[in-house]
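Observations on the three-dimensional arrangement
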Amino acid sequence: MAKKGSETIIERFRSITENPQGYAKSLHEKGKLVAGYMCTHVPEEILYAAGIVPVRILSSHVSQAMTRSYIHETYCSFSHDCAYQGLVGNYDFLDLITTSSSCIHMGEAFNVWVRFAGFEGKHYLISYPHIIETKPAASFMEQSYEEFRKFLEAFTKKPITDEDIEKAIKVYNHTRGLLKRLWQLLRRENPPITGTDAATATLASQFMDKQEFNKLLEKLLKELEAAQGKGAPGVRLMVSGGACDDMAALNLIEDLDQKVNLVFLDSCTAARYFWFEIPEGRADKLAAIAEGYISRIPCPTKDNVPGTGEKKRLRFVQQFIEEFKPEGVVFMYQRFCSPQPHDFMALKPILAKLGVPSTDLELDTTLPVNQFRTQLEAFLEILKPVVPLE
Amino acid sequence: MNKEKILAGIDAGHIRTKAVLVKGQEVLGYASAATGLDAAGAAEKALNQALAAARVPRGELGGLVVTGIFKDVVKVPELAIEKTIPEYMADAKGALFLNKNSRTVIDIGGNVHKAVHYDKDGNLLDVIQNDKCADGLGIYYTTIAKTLGVSEEELSELALKSKKSVAVAIQCGLCAESEAIDLMCQGVDVADAADAALRFIVERVAAMASTMPLEPEVVVAGGLAKSKALMKHLPVLLKHDVSVLSLPEYVGAIGAAISYEGGK
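Residues numbered from 1 in each chain as written. Chains lettered and ligands numbered in written order. Predicted model: local features only at pLDDT ≥ 70, side-chain atom pairs only at ≥ 80, totals over all residues.

With that settled, consider the domain arrangement of chain B. All names here are of chain B. With domains assigned, chain B is organised as domain 1 (6-93 + 250-263) and domain 2 (100-244). With centres defined by C-alpha atoms, the gap from domain 1 to domain 2 works out at 25 Å. If you look at the interface, domain 1 gives 10 residues, while domain 2 gives 15 residues. Here the side of domain 1 that touches domain 2 takes 5 residues from helix H2 (residues 87-98), the largest share from any one element. (Domains from an automatic or database assignment. Contact = placed C-beta atoms within 7 Å. Helix = DSSP H or I, 4+ residues; strand = E, 2+ residues; numbered from the N terminus.)

As structure tokens, this is what we get:
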């Protein structure tokens, strides 16, 4: 039986998430400049305006110990995995590697690429304010982006015009808008797409040339927005965490004995990546980009309002819970990540107030399937007890 | 080295205490005993067994040197130990004694693994030891054998039958063991689970050893060097040829014995 268009597109996204370096290499072989980026604080729009395709470096899920000699043992396995991919040459063909000063674990992974994986002279670290909820943060970011722009102009030996940046902003805003529409489908009682597939598409967007991605996602949305959900609705769960790029973990959530609908993914590999917009048509393009990035759902490494200690992200999480109506939240974070679990401690009272229970899963390079399954099934039993067998 | 005297060396390790008797270039006898809670008693037992194996009366011993983590604990009057030497030095001397072309020895012991680089005379040039999270690989090996319901020898044979590569977390032995069990709960073939559990050991050893120049020949010592399954993975992960020394678990004890009177 011929596959539906939506299935073919989702399969295309899946194949790219399973072999991102293969996809990136194919761009390189077509003569495109390709840059790896290690954090979503990198303003991809400026790279794109320079004619460079940004490709995110994420986990390869290979269990290995070689990076223990390069970065600290108690840095998260995600940063180890990203460092590993540089060391084994998965991305040797990249023209450039970039990151922003965000979390120190990923900073070390970046340093490994630069110092030990042959990217010395082909790298750029974007200065990014530690706390973004301050007045000087925007001007600091503008200045930092201006330096990045100059670096890229020298790197590509061609100017980056305001028109180039405006076009890039529009392409990226379009991607973000499409991804929002995709996730809005999960608000339905019986969504026409699984949360894992929506997460896969979102992940693919971080590897792909945005114009190519946008065309595919437009087609997919056209079909899905007219489609009905399959089967009976399941227990609605939301995942909140750090770099949740292990689709097997999300798949596990939607493959338990009780039917589950993963309805929202609050992570830097999903909502935090796209749930914002950059103002279009502004005279000062870099100021517009800074404004857009400041308005994002903050990463826990940057989220602290000076004076009050308030975490802006909590407001977003509350908003998502109200809109997507999850019955439970699964906190999913990388082992040894400090900011993320600290956030959960602050989030738990808010969830309690909203009457939404939560459970924690600690991610590593490998996935302890049965341990997670046991914990998740117990969590579901708390949410919706299964009628005992006679 | 004194070629006339029969010299004894004891390596009082975390798990086992090893004793050897050496005369000139010949190893006359060797034996080991579980260290347990009585390291001095284990040293006495291993030495007596080595003497018996070599048919050498205690009175004919020309010197006794001890190394190993318990070296200061076993230095009791009854044993008449004349000298102690650090484990790294014992490893270098012992490895060079067993293979004169060797310049790097990787010692995978019960609790500690280390790599030692030395010159043609056995002088230390560089040393490295595992970090805390990688402690206890030998103990882990025994635990995995028990977990999978096989002997330590059978564990290696089992892992060698693996046909499909699967993986466990490599943070520490506890995580690795837990995930080996999880693999079995998923219905993964026990040989594949055994291979994944053992590859964890080699990952940790290779990660440590690759931080220093591996000058050839690279040889392997320690009890775990006897596991063919481990030695299958080690050259691959190290990207370097290695050979296993004869009597790998006695390398430290041999190094201790031949260090008597400074090895003169």
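Let's pick the thread back up.
Attention shifts here to the pairing of strand E2 (residues 52-56) of chain A. Residues and elements named next belong to chain A. Counting buried positions along E2 gives 5 out of 5 residues, so the element sits mostly inside the fold. In E2, alternate side chains face the same way, and those of Ile-52, Pro-54 and Arg-56 on one face and Val-53 and Val-55 on the other are all buried. Here strand E1 (residues 33-37) pairs with E2 via 5 bridges, running parallel. Within the sheet, the bridge partner assigned to Val-34 lies in E2 and is Val-53. Between the parallel elements E1 and E2, the chain passes through helix H3 (residues 44-49) in a crossover that is right-handed. (Buried ≥ 20, exposed ≤ 12 C-beta atoms within 10 Å, placed from the backbone. Pairing = 2+ DSSP bridges. Right-handed = clockwise from strand over helix to strand, strands pointing away.)

So, on to the interface of chain B and chain A. Contacts between the two partners involve 19 residues from chain B and, on the opposite side, 14 residues from chain A. Mapped by element, the contributors of at least two residues to the side of chain B that touches chain A are helix H5 (173-185) and helix H6 (190-209) of chain B. Top element by residues in the side of chain B that touches chain A is H6(B). It accounts for 5 residues. Classifying every residue of the side of chain B that touches chain A by side-chain character gives 9 nonpolar, 5 polar and 5 charged. (Nonpolar A, V, L, I, M, F, W, Y, C, P; charged D, E, K, R; others polar.)

The next point concerns the nonpolar core. Residues and elements named next belong to chain B. By size, the foremost hydrophobic cluster in this structure holds 209 residues, and its most contacted members are Ile-10, Val-20, Ile-254 and Ala-257. Per-element accounting of this core gives the leading share, 13 residues, to H6. Split by domain, the residues of this core number at least three in each of domain 1 (6-93 + 250-263) and domain 2 (100-244). (Core = buried A, V, L, I, M, F, W, Y, C linked by C-beta atoms within 7 Å.)

It is worth spelling out H2(B) at this point. Residues and elements named next belong to chain B. For H2, spanning 12 residues, the distance from its first C-alpha to its last is 16 Å, which sits close to the expected 16 Å at 1.5 Å a residue. Among the 12 residues in H2, 12 count as buried, and that is most of the element. Regarding H2, the residues found buried are Glu-87, Tyr-88, Met-89, Ala-90, Asp-91, Ala-92, Lys-93, Gly-94, Ala-95, Leu-96, Phe-97 and Leu-98. (Expected span 1.5 Å × (residues − 1).)

Now for the environment of A:Glu291. Residue and element names in this part refer to chain A. For Glu-291, the location among the structural elements is in helix H12 (residues 285-294). On the basis of neighbour count, Glu-291 is assigned to the partly exposed category, with 18 C-beta atoms found within 10 Å. The sequence separation of Glu-291 and Ala-138 amounts to 153 residues, and the corresponding C-alpha distance is 6.7 Å. Apart from the residues within four sequence positions on either side, Glu-291 is in contact with Ala-138 and Pro-279.

The next point concerns the confidence of the model for chain B. Residues and elements named next belong to chain B. The share of residues in chain B with pLDDT of 70 or more is 98%, and the mean pLDDT across the chain is 93. Per-element mean pLDDT across chain B ranges from 90 in H5 up to 98 in strand E9 (residues 218-221). As a predicted assembly, this complex carries a pTM of 0.88 together with an ipTM value of 0.78. (pLDDT = per-residue confidence, 0-100.)

Counting through the fold element by element, B:Gly59 comes out in the loop between helix H1 (39-54) and strand E4 (61-67). Each C-alpha atom of the pair B:Gly59 and B:His240 lies 45 Å from the other, and the pair is 181 residues apart in sequence.

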